[in-house]
Amino acid sequence: MRPPLLLACLALLLTAPAAISAGDDLARLLGAILGPSPLAENLRQLTDDIGGRVSGSAANRRAVRWAVDAFQRAGIERTATESFELPVAWTEGATRVEVLEPRPFAVRAVSIAWSPPTPAGGIEAPVLDLGLGTAADFEARSEDLAGSLLLVHRPVLETWDDLFAEYADASPVIARAVAAGAAGILWISTKEQGVLYRHINTHGEIDALPQAIVAREDGLRLARFAAAGEPVRVRLDMPNEVGGAFTAENVIAEIPGTDKADEIVALGAHLDSWELGSGALDNGANVALVIEAARAIQAAGIRPRRTLRFLLWNGEEQGLRGSRDYVRRHRDELDRFVAYLNIDGGVGSVLGFAVAGRPEIETAVREVLEPLASWGVSEHLLDTYGGSDHVDFLLEGIPVLDANQPEANYLPNYHASTDTMDKVPIRELKLNTAIMAAALLGISQREERLGERLGRAELETLIEETGFDEYLEDEGIWEDFLAGRRGRALDSGAGGR
Ligand SMILES: [Zn+2]
């Protein structure tokens, strides 16, 4: 039955303000982000003034205080820090590689992060070219391994897959080197033109044996001497400083919700970085993005339905320590988390989101991003990858949206001396801020939740179906998950929240 015309008009008048208001909110949000803003100045302060900020360092503590201030300057009243413990403090000493034979030349090198120091006076040893360090490479040189420094080759880093392989392939090489009684490993840099970078093979524990990264050109020169049949002998001196357990802090800011304030939508990026550069692409740019998203929502006078939480993690580079601790500490309120959005891929344009194997989430995200359809934010990935702070939310069955970004200029500068603010195009960062803020707000204003929190059984199936278990195995997380020591409780039932 058709309603009388007057009633229909009245109904239209009553529903129209809500519809217009959602559009208004988005328009005001985009205006606040794309107009003049403190975004670039915030990034400059974090990367140039504070600089590289390794967990446990004075710069890291300054960065925490700065982030709290930045949220407060953005008008966010609810800000807090939460501290957690990391097992061992570590600082690089004056790393030095001296070529003794066949002839001296300067080798540029840095220590692997959390590598043990070399004994006083350094290690003087023959260098053995071990190719890629496969089981066959070790087998072929089994007579010569004990007491040697192993020179291990790796391809130039070009894709995200190369990066994951660099991490995954290291552990077996180290295990073989330890078993063979090698003195240490010299890894050939995966970056060209003398660029050095920080790499870690542990979760913030001291590594099994001394290791350095040598400049690609210098490592290949050593390899050519060896190939020419000349004995190669070096002294590796790495007087790294190792300390005791220490605390680091996550920074949390919150904009309270209104009619659905009990439910939480969170956006996070990691605040800590390595220190050879100043942590601009990884991940200062996205720290500035998170703070800017909060500022713009506040400045636009938007009243979110759900509570918005902004999370700046610490200890990410030592094995996702901060987000892992947060998820454990907030276990009692995890049912209230509607979604966790993460961004940690530099400044490549956000093309969509990786939704960790959940098609219903992909559908919901498409709806949320409909107002930005012409921006082309539609390349959602059904599978997922690890390596950032969404992992522990995922392991709790919470819907996670990890920004899908192309490599852009991220990999050549990854953890490197060259990761500085000049690598960050502010225009691109503003557009990414607009996309992330629009997604966050859209999820907050929806009538329905983005998706359910998965129960244990559903989660196990999903992790195996997406092959995410392989990543968890490589990272040493899988056993803890299976045993219920990390992630969704074993007795959490078949589904629902
Ligand atoms: Zn990162």
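In case you missed it, the structure is sitting above this.
Quick caveat: nothing in here was measured; it's all calculated off a predicted structure. (Residues numbered from 1 in each chain as written. Predicted model: local features only at pLDDT ≥ 70, side-chain atom pairs only at ≥ 80, totals over all residues. Heavy atoms only, no water.)

Asks: Any details on the side chain of Asn432? Residues and values, ideally.
Replies: Residue placement: Asn432 occurs in helix α11 (residues 426–445). Relative accessible area serves as the criterion here: at 1%, Asn432 is assigned to the buried category. Here the side chain of Asn432 touches Val350 through a polar contact of 2.9 Å, landing on its backbone nitrogen. Those residues in contact with Asn432 that sit more than four places away from it in its chain are Leu289, Val347, Gly348, Ser349, Val350 and Gln405. (Helix = DSSP H or I, 4+ residues; strand = E, 2+ residues; numbered from the N terminus. Buried < 20%, exposed > 50% of the residue type's maximum accessible area, 1.4 Å probe, protein only. Polar contact = N/O pair within 3.5 Å; in protein donor to acceptor, adjacent residues only side chain to side chain. Contact = heavy atoms within 4.5 Å.)

Asks: Run through the sheet that holds strand β1 (residues 78–86), naming residues and quoting values.
Replies: Ordered in space as β1-β12-β14-β13-β15-β17-β16, the seven strands form an open sheet in which the pairing is mixed. Since the sheet does not close on itself, it has two edges, and those belong to β1 and β16 (352–354), each with one partner. Shown here is a sheet whose adjacent strand axes are inclined to one another by a mean of 30°, direction ignored. Sheet topology note: the β16/strand β17 (residues 400–404) ladder contains three bridges and is antiparallel. (Pairing = 2+ DSSP bridges. Axes fitted to C-alpha atoms, helices over the stretch in contact; angles between N-to-C directions.)

Asks: I'd like to hear about the pattern of salt bridges, residue by residue, with values.
Replies: Pairing between side chains becomes possible if they bear opposite charge and their charged atoms approach one another. For the structure on display, the rule yields 36 salt bridges. Note that Glu98 is salt-bridged to Arg96, the shortest N-O span being 3.8 Å. Each of the salt bridges in this network shares a partner with another, and the network as a whole consists of Arg78, Glu254, Arg309, Glu333 and Arg336. (Salt bridge = Lys/Arg side-chain N within 4 Å of Asp/Glu carboxyl O.)

Asks: So what's going on with a negative patch on the surface? Which residues, and what values?
Replies: Taken together, the side chains of Asp169, Glu470, Glu473, Asp474 and Glu479 make up a negatively charged region of the molecular surface. Examining the composition of the negative patch, we find that three residues originate from one element, helix α13 (residues 468–474), more than from any other. On the secondary structure map, Glu479 appears in helix α14 (residues 478–482). Look at Glu479 and you get exposed, because its relative accessible area is 62%. (Patch = residues over 30% accessible without salt bridge, like charges linked within 9 Å, V, L, I, M, F, W, Y side chains within 5 Å. Areas by Shrake-Rupley, 256 points an atom, 1.4 Å probe, with all protein chains shown as cover. Lys, Arg positive; Asp, Glu negative; His and termini not counted. Charge placed at Lys NZ, Arg CZ, Asp CG, Glu CD.)

Asks: Account for the sheet that holds strand β6 (residues 123–129), naming residues and giving values.
Replies: Sheet architecture is open: eight strands sit in the order β4-β3-β10-β6-β7-β8-β9-β5, paired in mixed fashion. This sheet does not close on itself; its edge strands, each paired only once, are β4 (106–107) and β5 (109–111). Relative to strand β10 (residues 233–237), β6 runs antiparallel, the two being bridged by four bridges. Considered in β10, the bridge of Ile123 is made with Leu236. Lying over the sheet, helix α5 (residues 160–180) contacts β7 (149–152), β8 (184–188) and β9 (211–214), oriented at roughly 150° with respect to β8.

Asks: Got a sec to walk through unusual backbone geometry? Specific residues and values, please.
Replies: Looking along the chain, the bond that leaves Glu101 and enters Pro102 is cis, with omega of 0°. Mapping Pro102 onto the fold places it in the loop between β3 (96–101) and β4. The residue after Asp282, namely Asn283, is reached through a cis peptide bond having omega 5°. Relative to the helices and strands, Asn283 is located in helix α7 (residues 280–299). A positive phi is found at Leu320, a non-glycine position, where the angle reads about 55°. Among the structural elements, Leu320 can be located in the loop between β14 (306–313) and α8 (321–329). Residue Leu320 is classed as buried on the basis of its relative accessible area of 6%. In this structure, His415 takes a positive phi of about 60° despite not being glycine. Looking at the secondary structure, you find His415 in the loop between β17 and α11.

Asks: Describe in detail the packing of aromatic side chains, supporting the description with residues and values.
Replies: For the structure on display, the rule yields 15 aromatic pairs. For the ring pair Trp90 and Trp114, a centre distance of 5.4 Å and an interplane angle of 25° mean the geometry is stacked. Taken as a pair, Trp90 in strand β2 (residues 90–91) and Trp114 in the loop between β5 and β6 lie far apart in primary sequence, 24 residues in all. An identical accessibility class is assigned to Trp90 and Trp114; each is buried. Taking 6.0 Å as the distance between ring centres and 50° as the angle between the ring planes, the aromatic pair formed by Trp313 and Phe393 counts as tilted. Of the two residues, Trp313 sits in strand β14 while Phe393 sits in helix α10 (residues 391–394), which places them 80 residues apart along the sequence. (Phe/Tyr/Trp six-rings, centres within 6.5 Å; stacked < 30°, edge-to-face > 60°.)

Asks: Would you mind going over the coordination of the zinc ion in detail, with residue names and values included?
Replies: Four donors placed tetrahedrally around a metal ideally meet at 109.5 degrees, and six donors placed octahedrally ideally meet at 90 or 180 degrees. Donor atoms from the polypeptide that coordinate the zinc ion comprise His270 (NE2), Asp282 (OD), Asp344 (OD) and Asp344 (OD), at 1.9 to 2.7 Å from the metal. Note that the zinc ion binds four donor atoms; their angles at the metal cover 51 to 151°, and the shape is irregular. Mapped onto the sequence, the donors of the zinc ion take the spacing H-x11-D-x61-D. Placement of His270 in strand β13 (residues 260–270) and of Asp282 in helix α7 is noted, with a sequence separation of twelve residues between them. (Donors = N, O, S within 2.8 Å, 3.2 Å for Na, K, Ca; no water. Tetrahedral: all angles 85-135°; square planar, octahedral: opposite > 155°, others 65-115°.)

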